[in-house]
Amino acid sequence: MNCCNEKPIIELYSGEKLCKSHFIEYFENKVLKTIRQFDLIDKKENLGVALSGGKDSLTVLYILNKLSKQNPKIKINAIAIDEGIQNYRDKTLEKAKDFCHKNNLELHIFSYKEEFGLKLDGMLKILNVKPCTICGIFRRYLLNKKSKDLKLTKLATGHNLDDECQSILMNQLKNNIQASARLGPKVGLVHDEKFVQRIKPLYLCTEKEVTTYAFVNGLLDEFNECPNVPQSFRAQVRDVLNDLENKFPGTKYSIVNSFLQTLPLLKQQFKDEVIKVCIKCSESSANDVCNACIYLEKLRKSIEVI
Ligand code: SF4
Ligand code: ZN
């Protein structure tokens, strides 16, 4: 079923085919509805947007920037983390800088090299660890720390429905339900000043929709994928889900929608989660020493041995 006489550019899982202008309207309405439904953004915010320069983060920044123009009490700050991944992050960061420059947005860039003394590429030569494990720990650490330094009220990320679906399934497969309790459009279990609230305005948008939106708005001209992706568990789960979605359209929506029905119960069950302070860096931690400090110590010892 076509939306109008214009040429369709996308077919939704419902079978509906939308032209460019109807798709843009559909997509932006969905993001605004998500923001309202889950109470993601207040009338006044000093909002951070985690920007990698990929399609998801550029899309969320593009839409929130539009929103802030209609509401001057919402200030937007872009934050990028340069992990130090050759031939990948250097390219996407150029896109991020270019976008912020053209849209007159402030961009704060923090690098692993400056903050931890080594690029991710260098860390992986020293430690025998899965790239995404250490990369994710350091990125979350820096984003939270720097968001507090910048006095951000919330931090928006580009996570979409496919990402959430993968996380839900990964946690099930690893029997880590407490991690699932931290998921959802508003991340986390407890409100704590040690954490800057992370929000996911693209929560109900599929990867296909985000890619299409980014493409028609000139936010995406080529696909860049981190060279470490094939080694990740997430990539395996992504492929399984894509296969299921092809065979049974609507699978991803079903997983996320049913998860949303159980999420309040999960959050209630784990509401007493205790957040400690790392004895080394004073950042939030599940244990006495945070994961970032544990890996930094391992790196330091390995360098000493070398
Ligand atoms: Fe880091 Fe893994 Fe993402 Fe690459 S795919 S940027 S290694 S978390
Ligand atoms: Zn620490």
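Our structure is the block above this text.
Since this is a predicted model, take the numbers as computed values, not measurements. (Residues numbered from 1 in each chain as written. Chains lettered and ligands numbered in written order. Predicted model: local features only at pLDDT ≥ 70, side-chain atom pairs only at ≥ 80, totals over all residues. Heavy atoms only, no water.)

## As for the coordination of the zinc ion (ligand 2)
Working step 1: With distances of 2.2 to 2.3 Å, the protein atoms coordinating the zinc ion (ligand 2) are Cys 278 (SG), Cys 281 (SG), Cys 290 (SG) and Cys 293 (SG).
Working step 2: Of note is the zinc ion (ligand 2), whose four donor atoms meet at the metal with angles of 106 to 113 degrees in an arrangement that counts as tetrahedral.
Working step 3: Sequence positions of the donors to the zinc ion (ligand 2) reduce to the motif C-x2-C-x8-C-x2-C. (Donors = N, O, S within 2.8 Å, 3.2 Å for Na, K, Ca; no water. Tetrahedral: all angles 85-135°; square planar, octahedral: opposite > 155°, others 65-115°.)

## Notes on the nonpolar core
Working step 1: Membership of the largest hydrophobic core comes to 35 residues, with the highest contact counts inside it found for Phe 27, Ile 41, Leu 61, Leu 64 and Ile 76.
Working step 2: For this core, the secondary structure elements donating two or more residues are helix 1 (20-37), strand 3 (45-50), helix 2 (55-70), strand 4 (74-82), helix 3 (89-102) and helix 9 (207-216).
Working step 3: Among the elements that take part in this core, helix 2 stands out by supplying six residues, more than any other.
Working step 4: Not counting the four nearest positions on each side in its chain, Ile 41 is found in contact with Ile 35, Leu 47, Leu 64, Leu 67, Ile 74, Lys 154 and Ile 199.
Working step 5: Tyr 88, Ile 137, Ala 292 and Cys 293 belong to the second-largest nonpolar core, a separate cluster that totals 33 residues. (Core = buried A, V, L, I, M, F, W, Y, C linked by side-chain atoms within 4.5 Å. Buried < 20%, exposed > 50% of the residue type's maximum accessible area, 1.4 Å probe, protein only. Helix = DSSP H or I, 4+ residues; strand = E, 2+ residues; numbered from the N terminus. Contact = heavy atoms within 4.5 Å.)

## Here's the deal with the site of ligand 1
Working step 1: Around ligand 1, a shell composed of Ile 85, Arg 89, Leu 120, Cys 132, Cys 135, Arg 139, Cys 226, Asn 228 and Val 229 is seen.
Working step 2: Looking at the shell around ligand 1, the element that brings in the most residues is helix 6 (residues 131-149), giving three residues.
Working step 3: The class makeup of the residues in the shell around ligand 1 is six nonpolar, one polar and two charged. (Near = heavy atom within 4 Å. Nonpolar A, V, L, I, M, F, W, Y, C, P; charged D, E, K, R; others polar.)

## Remarks on helix 10 (residues 233-247)
Working step 1: Look at helix 10: 22 Å from first C-alpha to last across 15 residues, which is about the 21 Å you get at 1.5 Å a residue.
Working step 2: Residues Ala 235, Val 237, Leu 241 and Glu 245 constitute the buried set of helix 10. Taken end-on, helix 10 shows its buried residues confined to a sector of 160 degrees, consistent with a single buried face. More than 90 degrees from the buried face of helix 10, the exposed residues found are Asn 246 and Lys 247. (Expected span 1.5 Å × (residues − 1). Arc of directions from axis to C-beta.)

## Observations concerning the packing of helix 2 against helix 9
Working step 1: One way to put it is that helix 2 packs onto helix 9 with a least axis distance of 9 Å and a crossing angle of 65 degrees. Comparing their axes, helix 9 and helix 2 come out roughly perpendicular. Considering the relative orientation of helix 2 and helix 9, their crossing is left-handed. Here Lys 55, Asp 56, Thr 59, Tyr 62, Ile 63 and Lys 66 of helix 2 lie close against helix 9, whose contacting residues are Glu 207, Val 210, Thr 211, Tyr 213 and Ala 214.
Working step 2: Partitioning the contact of helix 2 with helix 9 into residue classes produces five nonpolar, two polar and four charged. (Axes fitted to C-alpha atoms, helices over the stretch in contact; angles between N-to-C directions. Parallel < 35°, antiparallel > 145°, perpendicular 65-115°, else oblique. Left-handed = near helix turned anticlockwise from the far one by under 90°.)

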